Amino acid sequence: MELLIRVTATHSCFNVGDDDGEEKEGDEESQSEDDKAYTCEWRKAGVDENGIPRHPAFQRFLIGENNVMDVALKRWEVSCSWRESKVVDEIMEQPHVNFEIIKKAYPSCLLGRSKKGFPIYIERPGEIDLQMLRDAKITLEDLLWHYVYTTEFAWQVIEPQEGNPTAKFFTILDLKGVKLFDLVGDAIAFLKNAVSISQDHYPERGSKIFIINAPFFFKRAFTLVKPFMAEATLEKMEVHAKNFHQALLKDIDADVLPKRYGGNSEESDDNVPFERLLRYTVGTRLLKSGAVLTGADGEPDEQSTDALKRFVAEFEKEQAKQLTPEDSQGTITESIGTDDN
């Protein structure tokens, strides 16, 4: 219960414009004693005799800063403080009550793996339903929290081994349907903040950023975001207005790539294995806490929660059928780290 109280207090703390991860004036007085005492896993690993962080994640920060130790240490400290102030280590322990409505209104998908083994993440901002988000009372902070939740799912569940060479996203940003007037207000604010979170706190987590269906005004609009992006990130970007199918197939197997992008897969976004595992993870935490999903009107939705409960039961039955006799003593819940404490 203490965990849920502490994490719930941080749910809406992904403040717009808080790009540096540092505490603002007055924050210290407003923090509870529990918040002050919380220490992230990175910091718990300590430092060696030379003051170098022992946690293997530090190597990503060092590489990201071209092995300039002082700069990497400063960036590391900022990210440790950010993870502690937002309780990011334990974000997946919290019931994600807005999961279903955000997935409906803001299409994204953890598709599978590239030919080199990188997890593929697809986002389609042109299909976002802003009115649905408003009706459900979803805020910009809620969207950013969801972004961090999904990111942590990738690195806590899909690729939990720090230092694994495949622990990097292959990102596809599909801009089909994006209009010039979409790049204002909350839409551009979300993009700027998501880019900032990714660059500041998840260095060396990207293998390639593949932008497709880029509209005619993309180059000019991109100048709004470009100043917030590191040079190393820009070097990983590949932009295509059209005729991108063969380029994608160089990196992604046809059986994995959706037909709309030139592949053979006819699976819906929510039925690919990573997305099913994500929904199952959300479902187990939600049901364990007794929380209820947010509905289209922003109020608790018992019907959607019951549907999620049925999905969890069906998922576990499917996993049980795949277990060998030697595995029969275990469950899928063990593989994602669920517990009863």
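Residues numbered from 1 in each chain as written. Predicted model: local features only at pLDDT ≥ 70, side-chain atom pairs only at ≥ 80, totals over all residues. Heavy atoms only, no water.

Our focus in this paragraph is the packing of helix α9 (residues 140-158) against helix α14 (residues 273-289). In contact at an axis separation of 11 Å, α9 and α14 are set at 105° when each is read in the N-to-C sense. The pairing of α9 with α14 is recorded here as roughly perpendicular in orientation. On the side of α9, the interface is formed by Tyr149, Phe153, Val157 and Ile158, while α14 contributes Phe274, Leu277, Leu278, Thr281 and Val282. Of the residues in the contact of α9 with α14, the class split is eight nonpolar, one polar and no charged. (Axes fitted to C-alpha atoms, helices over the stretch in contact; angles between N-to-C directions. Helix = DSSP H or I, 4+ residues; strand = E, 2+ residues; numbered from the N terminus. Parallel < 35°, antiparallel > 145°, perpendicular 65-115°, else oblique. Contact = heavy atoms within 4.5 Å. Nonpolar A, V, L, I, M, F, W, Y, C, P; charged D, E, K, R; others polar.)

Either a parallel or an antiparallel arrangement is found when strands of a sheet pair, and the pairing is made through backbone hydrogen bonds. Read across the sheet, five strands follow the order β1-β2-β3-β4-β5 without closing on themselves; strand pairing throughout is mixed. Every other strand in the sheet has two partners, leaving β1 (108-113) and β5 (237-239) as the edge strands with one partner each. With strand direction ignored, the average angle separating the axes of adjacent strands in the sheet is 20°. Of the strand pairs in this sheet, strand β4 (residues 206-212) and β5 are connected by three bridges, and their pairing is parallel. Within β5, the position partnered with Ile209 by the bridge is Met237. Strand contacts of α9: β1, β2 (119-123) and β3 (169-174), with the helix running at about 25° to β1, the strand carrying the most contacts. (Pairing = 2+ DSSP bridges.)

What follows covers the state of the cysteines. Here a disulfide denotes one covalent bond, and it connects the sulfur atoms of two cysteines. Summed over all chains, the structure comprises zero disulfides. Here Cys80 stays free of any disulfide, with the sulfur of Cys40 as its closest cysteine sulfur at 4.1 Å. (Disulfide = S-S within 2.5 Å.)

Turning to the packing of α14 against helix α15 (residues 302-322), a few remarks are in order. Orientation of α14 relative to α15, taken along the N-to-C sense of each, is 120°, at an axis distance of 9 Å. The orientation of α14 with respect to α15, classified from their angle, is oblique. When you trace α14 past α15, the crossing you get is left-handed. Note on element contacts: α15 touches α14 through Thr305, Ala307, Leu308, Lys309, Phe311, Val312, Phe315, Glu316 and Glu318, opposite Arg276, Leu277, Arg279, Tyr280, Gly283, Thr284, Leu286 and Leu287. (Left-handed = near helix turned anticlockwise from the far one by under 90°.)

Now for the nonpolar core. Residues Leu110, Val148, Phe153 and Phe190 are the most contacted members of the largest nonpolar core, which totals 44 residues. Residue assignment for this core shows that the elements contributing at least two residues are α7 (99-105), α9, α10 (185-201), α14 and α15. Per-element accounting of this core gives the leading share, 12 residues, to α9. One finds Leu111, Phe170, Leu248 and Tyr261 within the second-largest nonpolar core, a separate group that totals 17 residues. (Core = buried A, V, L, I, M, F, W, Y, C linked by side-chain atoms within 4.5 Å. Buried < 20%, exposed > 50% of the residue type's maximum accessible area, 1.4 Å probe, protein only.)

For helix α6 (residues 69-85), with 17 residues, the first-to-last C-alpha span of 24 Å sits near the 24 Å given by 1.5 Å per residue. The set of residues buried in α6 consists of Ala72, Arg75, Trp76, Val78, Ser79, Cys80, Ser81, Trp82, Arg83, Glu84 and Ser85. The first or second residue beyond α6 is Val87, which carries a positive phi of 50°. (Expected span 1.5 Å × (residues − 1).)

Here Gly298 shows up in the loop between α14 and α15. In sequence terms Gly298 and Asp135 are 163 residues apart; their C-alpha atoms lie 6.5 Å from each other. Leave out the neighbours within four places in its chain, and Gly298 touches Asp135, Ala136 and Lys137.

So, to be careful, I would describe these as geometric facts and stop short of saying anything about function.
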